[in-house]
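One letter stands for each residue in the lines below.
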Amino acid sequence: MSRLFGSVRARATLGATLVVAVALVAAGTAVLLSLRSNLIGEAGTQAERFARAVASELAARTPYDTLSGLDGDDGPVQIVDEDRKLVAASEDLRRITGTATTEVTPQPSAPAPGDDDADDSDDADDAGDGDNADDADDSDDSEGSGENLAPGEIARETTFSNGSATIDGDAEDYRFAAVEVETHDRGRLTVHAGAPLAAEHSAVNTSLTVMLIGLPLLLGVVGGVTWLVTGRALRPVEGIRREMAAITASEDLARRVPEPATHDEIARLARTTNETLAALETSVERQRRFVADASHELRSPIASLRTQLEVAAAHPELLDLDGAVEDTVRLQHLAADLLLLARLDAGERPAGTPVDLAALAREEATGRTGVTVDAEPAEVTGSRGQLGRVLANLLDNARRHARERVTVTVRREGTWAVLKVADDGDGVAEADRERIFERFVRLDAARSRDDGGAGLGLAIARDVAVRHGGTLTAGAAPAGGALFELRLPLAG
């Protein structure tokens, strides 16, 4: 199980499914709340119209027993007076909650319209009983909407509530609207009328059922599609992994991972992997060639030295002491070159010592015949020993091929110190100007090792230049010979 969920494919599928689930639950909740709110609002509007229709009849002095809304067909109705006393209610109303009173049996407290005494009393109240009117206003302010209404006027404000009612044995939930009306003969009355919420409950329950059934199905589809898509997208990665495992097992760096015919990140990963394998193959091949060449170069002086020693052991009078010393020195120089190359290949960083190339050039030219120096001060940062080795190798190479003279110049060019070594020899063909910097390369294959060396001097010189942040290139000198140009960044 841990291995399954440790894969990118499983994590992507699980993550996508969880995100979609959260989004669907949030959206579904919002839809249900919006649907419920809209349906309750519609029920409230229906209940308000019903309540205002009954209030209009009361404002028109319609008797309670002839009110059209009390038949119970449109919903439950309660009419209460200022004392919250039930004065009229729907027929067959057996139970009600959510309104001003739970009473279902009317107890009329005002005389019906048409009663002369009532009309006289009403006229008297309208004409001169200001105290009673004030009392009614006080009661309205304390218990009702607070609106000052004239007789026959209906309040603009409507209040809503939720409740339930049982009419003729059928119990339902209702949205109640309460509307106040100021009558001519019965004071201020409040009409409570209800509209059924059955449609709201049915729609919400249906939507919830659909969501509960559809959500798992949709999540299953999302999970399955994500699993298939990620599997297809990661298939090239698995191919790369298998090929890399095979390369590791076989140690065959000539093999390459498959590159998808796309332009996405995986294709770029495959191309970068192949470039890395190519660079690694080149490095390993270069190392193998270096070891083979080094073994070959070491074998000659060692074999020569051994032969001379064996001859001297048998015939001391035949010992070639000068030749033995020469082979020993050559072996020492070759070992030093190989050691320096090994340190450079290991990434050894040069020291940060200030070095004046002009002074260094004059120092290395001292004692060498035919070498002239024209240098201006140019200070660089690096290893004095390694930079001296570069100059020595360049001068040895130039002197070996020059006819008469070698010229060394040092100049400052912008932020660079430029050192040039030119000879008046035959020069280097343009096609060979890069190859001469390869290790163990000697352009004249027939030349003796005594004259040409092991072919490491220029390779060492370029590696040192690169380690110091510079370059070393070969070109043609004005006199027709070879020109080697060393460019290093000035100190500071």
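Residues numbered from 1 in each chain as written. Predicted model: local features only at pLDDT ≥ 70, side-chain atom pairs only at ≥ 80, totals over all residues. Heavy atoms only, no water.

Moving on: the overall build of the chain. In terms of helices and strands, the chain carries 10 helices and 14 strands. Taking all 492 residues of the chain together, 36% fall into the buried category. When contacts within the chain are restricted to residue pairs at least 6 apart in sequence, those whose partners lie at least 24 apart make up 61%. By element, 54% of the accessible surface of the chain is carried by carbon and sulfur atoms, the whole surface being about 27100 Å². (Helix = DSSP H or I, 4+ residues; strand = E, 2+ residues; numbered from the N terminus. Buried < 20%, exposed > 50% of the residue type's maximum accessible area, 1.4 Å probe, protein only. Contact = heavy atoms within 4.5 Å. Areas by Shrake-Rupley, 256 points an atom, 1.4 Å probe, with all protein chains shown as cover.)

A few words on unusual backbone geometry. If you check the backbone angles, D92 has positive phi at about 60 degrees while not being a glycine. Among the residues examined, D92 registers a relative accessible area of 35% and is labelled partly exposed. Phi at E251 is positive, roughly 60 degrees, even though this residue is not glycine. Within the fold, E251 resides in the loop between α4 (198-250) and α5 (265-314). A residue is classified by how much of its surface remains accessible, and E251, at 65% relative accessible area, is exposed.

For the rest of this paragraph, the subject is the pairing of strand β7 (residues 188-196). With 8 of its 9 residues buried, β7 lies for the most part within the structure. Pairing of strand β1 (residues 77-80) with β7, which is carried by 4 bridges, proceeds in the antiparallel orientation. For I79, the partnering residue across the bridge sits in β7 and is V191. Relative to β7, strand β6 (residues 170-182) runs antiparallel, the two sharing 9 bridges. By the bridge assignment, R175 is partnered in β7 with A195. Between the end of β6 and the start of β7, which pair antiparallel, lie 5 residues, with G187 showing a positive phi angle near 75 degrees. (Pairing = 2+ DSSP bridges.)

This paragraph deals with the side chain of Q386. Tracing the sequence through the fold places Q386 in helix α8 (residues 384-401). Every residue in contact with Q386, bar those within four places of it in the chain, is listed here: L340, L344, E348, P350, V464 and H468.

Side chains that are nonpolar tend, in soluble globular proteins, to be buried together. Counting residues in each nonpolar core, the largest one holds 46 residues, and the members touching the most others are L419, V421, L472 and F484. Looking at which element gives the most residues to this core, the answer is α8, with 6 residues. Each of domain 2 (253-348) and domain 3 (349-489) contributes no fewer than three residues to this core. Other than its neighbours up to four places away in sequence, V421 contacts L394, L395, A398, V406, T407, V408, A482, L483 and F484. Core analysis: the next-biggest nonpolar cluster, separate from the first, contains 24 residues, Y64, A88, V181 and L197 among them. (Core = buried A, V, L, I, M, F, W, Y, C linked by side-chain atoms within 4.5 Å. Domains from an automatic or database assignment.)

Evaluated as defined, the whole model comprises 21 salt bridges. The residue R188 makes a salt bridge to E182 at a minimum N-O spacing of 2.9 Å. Here the two residues R188 and E182 agree in accessibility, since each one is buried. For D396, the salt bridge goes to R368, with nearest N and O atoms at 2.4 Å. With D396 in helix α8 and R368 in the loop between α7 (357-365) and β9 (371-375), this residue pair connects regions lying 28 residues apart in the sequence. Judged by relative accessible area, R368 falls into the partly exposed class, the value being 24%. Among the charged side chains, a salt-bridge network with shared partners connects E413, K420, E485 and R487. (Salt bridge = Lys/Arg side-chain N within 4 Å of Asp/Glu carboxyl O.)

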